[in-house]
Amino acid sequence: MGSTWIADIPRPGSTDVANGPFITNVEHLSSYNWIEAPGPTIVVPGCPPLWSPPPTPKKVAKDSGLIYIAQNAFRHPESPLEPLFRSLYTENPSYNIREVDLITDRNNVRKLLSFINSNTSRNGPEPFNIEIEATGNTVIFCRAETETYTFIGPHDFKGYGHEFEKAFTTSQVSGSTGHHRVISYNLSDLKLIIRYETDAYVEEALKLQRRNEGSENENFLTMMENLSLSRPETHSFRATDSKLVVQKKGRQVPIASTLEIKTRVAHKPINIQEVLPQLWVSQTPNLVRAYHHGGTFRLPEVKNVTRELAEWELLHADDLARLVLLIKAITKVVRENGGNAVVKYDGRSDSLAVFKREGARMLPDDLYRKFSDKTQSTEAVELHSRKTRLKIGDTFHDVDVSTIPYFSALVRFQRTSHPERTEFTHGDIALFDIALRGLESGYRQCFRALGEDIPQYHTLCETYDFLGVDVLAGQSIDTIFADLRACKTDYQLEYKYYRAIKGDKSRARDAAFRLLFLIILGEFNDENKDRAKVYNAVLFVVSHPGTFKQGTRVAVRSSFDERFVLSTKQRIQLDRWKREDTTTRSGDEGTTEEEYDELYLSDGS
């Protein structure tokens, strides 16, 4: 630990921010399970336990034995962060780490939030240490715990949480001792990678349309799900000079299926506000609150808390703005003082103390090369070499099949049957060229290709669904709306002055297509309640011609008209923009920059 004091960083003052920052562009990157083995061993992508509660109330034993506090540090103390990177590059070999501002465990973000506002932590302000290293464009926060595990003796009592999880979930990976996930998202102008542990997942049926594409593809479709699960053989490898063994097996589970479990005695209900900060950091959408009487649990409900997370984010806009300022302040101090530091908080003061960090580097040498320009140019070549030659109908395409689950599995299947193949064929797929352009260059390209041809948008959405492309990327209507609003100029408080941050219109235009996809093929928990949110988003699109072109506005409005019954007031408001827009159709569509913020508020109908 560092002993030389560098600086104190005060708690950021109130920003008076009313909107944002919001989490946007949530993306699953990788996952892994720790397993019992002679040396540190992870399984990638692994799989979390399956939520499988018993049909009747069940009594479980009290927790006992070894309990992990920080399993990554317990099992791999030389480099607790190495498993994050090994799983990331196993699943995404060409990932550009240089675009990331911060890599951290969820626990570190929760600690900083509790420093900013102690009400975001159930236990209030507590002392903590975070080790920090700056490399390239990125800053790494490493969780530092005094103890990495605890042991509950036969006469101790620490609750029933771990035994509950064993009784109400089913392990999917032999020998697993915990499942960790790695995601990325944007918070204000920062790009973060977050690692966190997941308790379980809720099973969802794989939606895949079967097409009559000939006997070979029919055989592929019947085997696809089995191929997506772990294979009988296990491929293991270990990087040079690393003790960490990586085994490739398991199955990917989408963020939308992940689940957090909380247990407590029945007469002390769990306030959801205690849990939301943790779920917000990891964007975990499902929660189980399980209550017991003397260790006997009734069947708890799985609650989707997406709406509650969006509301929490809005209510804590000022806290989150201060969190961004704090991360930037920490980053600045660390970079100005050699790139290695330890941030310490004593649990009482109004500032964080920064000390010089001594000792070994956080990662093996080969991983540091990922942060260099030379590595990235090499990865660009690797990315090109990873493209696969596909003949779709009568047209050839060079495709990175890792972005298209359907073709990723198809190519894997056909290579198993015919290892010598370098080109792969498939029957015609409607609008595949446009779908591919959307994947490679942003979904906004779909609007440019289809204009106002409404039936074609239905076909394109069905094609994306058939290909298994996760267009929504786990986003709800609330997060899509936040991305739509990214087109607006924002103001960031920095050292008592506000700095204008130019809006990101490309992100907003991509979000407009996600909105259209959600309207056409998406499912809503409560269509009546969500209709008002969708209407707000649609009205935002049609009332911002400076960002969204005519074809985009017509397509989004028409899809809304097809799916929902409009109130009279809603129709009048939308029609107003249809009438006022007639003067902007010549030349470059929607060139006006005039925007009206007050008009996209819902009438609540």
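Before any of the text, the structure's been laid out above.
Residues numbered from 1 in each chain as written. Predicted model: local features only at pLDDT ≥ 70, side-chain atom pairs only at ≥ 80, totals over all residues. Heavy atoms only, no water.

Visitor: How would you explain the packing of aromatic side chains if you had to name every residue and give the values?
Guide: With the rule as written, the count across this model stands at 25 aromatic pairs. Relative to tryptophan 312, the ring of tryptophan 280 lies with its centre 5.5 Å away and its plane at 45°, an arrangement referred to as tilted. Of the two residues, tryptophan 280 is situated in helix α6 (residues 272-282) and tryptophan 312 in helix α7 (residues 306-315); the sequence distance between them amounts to 32 residues. Here the two residues tryptophan 280 and tryptophan 312 agree in accessibility, since each one is buried. An aromatic cluster of three or more residues is present, and its members are Trp51, Phe157, Tyr160, Phe164, Phe168 and Phe297. The ring centre of phenylalanine 355 lies 4.9 Å from the NZ or CZ of lysine 344, which sits over that ring. (Phe/Tyr/Trp six-rings, centres within 6.5 Å; stacked < 30°, edge-to-face > 60°. Helix = DSSP H or I, 4+ residues; strand = E, 2+ residues; numbered from the N terminus. Buried < 20%, exposed > 50% of the residue type's maximum accessible area, 1.4 Å probe, protein only. Lys NZ or Arg CZ within 6 Å of the ring centre and 35° of its normal.)

Visitor: Explain the nonpolar core to me, and be specific about the residues and the numbers.
Guide: Residues Phe407, Tyr464, Leu484, Phe513 and Leu515 are the most contacted members of the largest nonpolar core, which totals 62 residues. Of the residues forming this core, the biggest block, 10 residues, is contributed by helix α16 (residues 505-521). Those residues within four positions of phenylalanine 407 in sequence are excluded, and the remaining contacts are Leu390, Ile392, Val401, His426, Ile429, Phe432 and Leu467. If you look at the next biggest cluster of nonpolar residues, it comprises 49 residues, including Ala7, Val26, Val109 and Tyr345. (Core = buried A, V, L, I, M, F, W, Y, C linked by side-chain atoms within 4.5 Å. Contact = heavy atoms within 4.5 Å.)

Visitor: Which residues make up the environment of tyrosine 95, and what values do they have?
Guide: Within the element layout of this structure, tyrosine 95 appears in the loop between α2 (82-91) and β7 (102-105). Under the relative-accessibility criterion, tyrosine 95 is labelled buried at 11%. C-alpha separation for the pair tyrosine 95 and leucine 29, spaced 66 residues apart in sequence, amounts to 9.1 Å.

Visitor: How would you explain helix α4 (residues 161-168) if you had to name every residue and give the values?
Guide: By the burial criterion, the buried members of α4 are Glu163, Phe164 and Phe168. All buried residues of α4 project into a common sector of 120° when viewed along the axis, lining one side. Next to the buried residues of α4 lie β4 (50-51), β5 (58-59), β11 (169-170), β17 (258-265), β18 (286-293) and β19 (296-297). (Arc of directions from axis to C-beta.)

Visitor: With reference to specific residues and values, describe the side chain of serine 242.
Guide: Following the sequence through the fold, serine 242 ends up in the loop between β15 (235-237) and β16 (245-250). Polar contacts involving the side chain of serine 242 include one to the main-chain amide nitrogen of leucine 244, which spans 3.2 Å. In this view, serine 242 contacts Glu82 and Arg86; residues no more than four positions away in its chain are not counted. (Polar contact = N/O pair within 3.5 Å; in protein donor to acceptor, adjacent residues only side chain to side chain.)

Visitor: If you had to explain the pattern of salt bridges to someone new, which residues and values would you point to?
Guide: Taken as a whole, this structure holds 30 salt bridges when the rule is applied. Between lysine 262 and glutamate 260 there is a salt bridge, and its shortest N-O distance comes to 3.4 Å. As a salt-bridge pair, aspartate 319 and arginine 322 come within 3.1 Å of each other at their nearest N and O atoms. Of this pair, aspartate 319 and arginine 322 both sit in helix α8 (residues 317-336), 3 residues apart, roughly one helical turn. Note on accessibility: aspartate 319 and arginine 322 belong to one class, buried. A cluster of three or more residues bridged by salt bridges with shared partners is formed by Lys303, Arg307, Glu308 and Glu311. (Salt bridge = Lys/Arg side-chain N within 4 Å of Asp/Glu carboxyl O.)

Visitor: A description of the sheet that holds strand β25 (residues 423-426) should follow, citing residues and the corresponding values.
Guide: Here 3 strands make up an open sheet; going across it, the order is β24-β23-β25 and the pairing mixed. Edge positions in the open sheet fall to β24 (395-399) and β25, since each of these has one partner strand only. Neighbour to neighbour, the strand axes of the sheet diverge by 30° on average, direction disregarded. Here strand β23 (residues 388-392) runs beside β24; their pairing, made up of 5 bridges, is antiparallel. Each bridged residue has a counterpart across the sheet, and for leucine 390 the counterpart in β24 is histidine 397. (Pairing = 2+ DSSP bridges. Axes fitted to C-alpha atoms, helices over the stretch in contact; angles between N-to-C directions.)

Visitor: I'd love a proper account of the pairing of β23, names of residues and values included.
Guide: Going residue by residue along β23, you find Thr388, Leu390 and Ile392 tucked away on one face and Arg389 and Lys391 left uncovered on the opposite face. Linking β23 back to β24 in an antiparallel pair, the connection comprises 2 residues, with glycine 393 at a positive phi of about 65°. Relative to β25, β23 is paired through 4 bridges, and the arrangement is parallel. Looking at β25, one finds that lysine 391 is bridged to threonine 425.

Visitor: Residue-level account of the packing of helix α3 (residues 106-116) against α6, with values.
Guide: Running from N to C, α3 and α6 cross one another at 130°; their axes reach a closest spacing of 10 Å. One element, α3, and the other, α6, form an angle in the oblique class. The chirality of how α3 crosses α6 is right-handed. Where α3 abuts α6, its residues Arg106, Val109, Arg110 and Leu113 lie against Gln278, Trp280, Val281 and Ser282. In the contact of α3 with α6, the residues fall into 4 nonpolar, 2 polar and 2 charged. (Parallel < 35°, antiparallel > 145°, perpendicular 65-115°, else oblique. Left-handed = near helix turned anticlockwise from the far one by under 90°. Nonpolar A, V, L, I, M, F, W, Y, C, P; charged D, E, K, R; others polar.)

Visitor: Tell me about the pairing of strand β8 (residues 128-135), residues and numbers included.
Guide: Most of β8 sits inside the fold, with 6 of its 8 residues counted as buried. Note: β8 against strand β21 (residues 340-345), 6 bridges, orientation antiparallel. Looking across to β21, one finds that glutamate 133 is bridged to asparagine 340. Counting the residues that bridge the hairpin from β8 to strand β9 (residues 138-144) gives 2 residues, and of these glycine 136 lies at a positive phi of roughly 60°.

Visitor: So what's going on with the side chain of aspartate 105? Which residues, and what values?
Guide: Position of aspartate 105 relative to the elements: it lies in strand β7. Classification of aspartate 105 as buried rests on a relative accessible area of 8%. A distance of 2.7 Å separates polar atoms of two side chains, one belonging to aspartate 105 and the other to arginine 195. Setting aside residues up to four positions removed in sequence, aspartate 105 forms contacts with Leu81, Phe141, Arg143 and Arg195.

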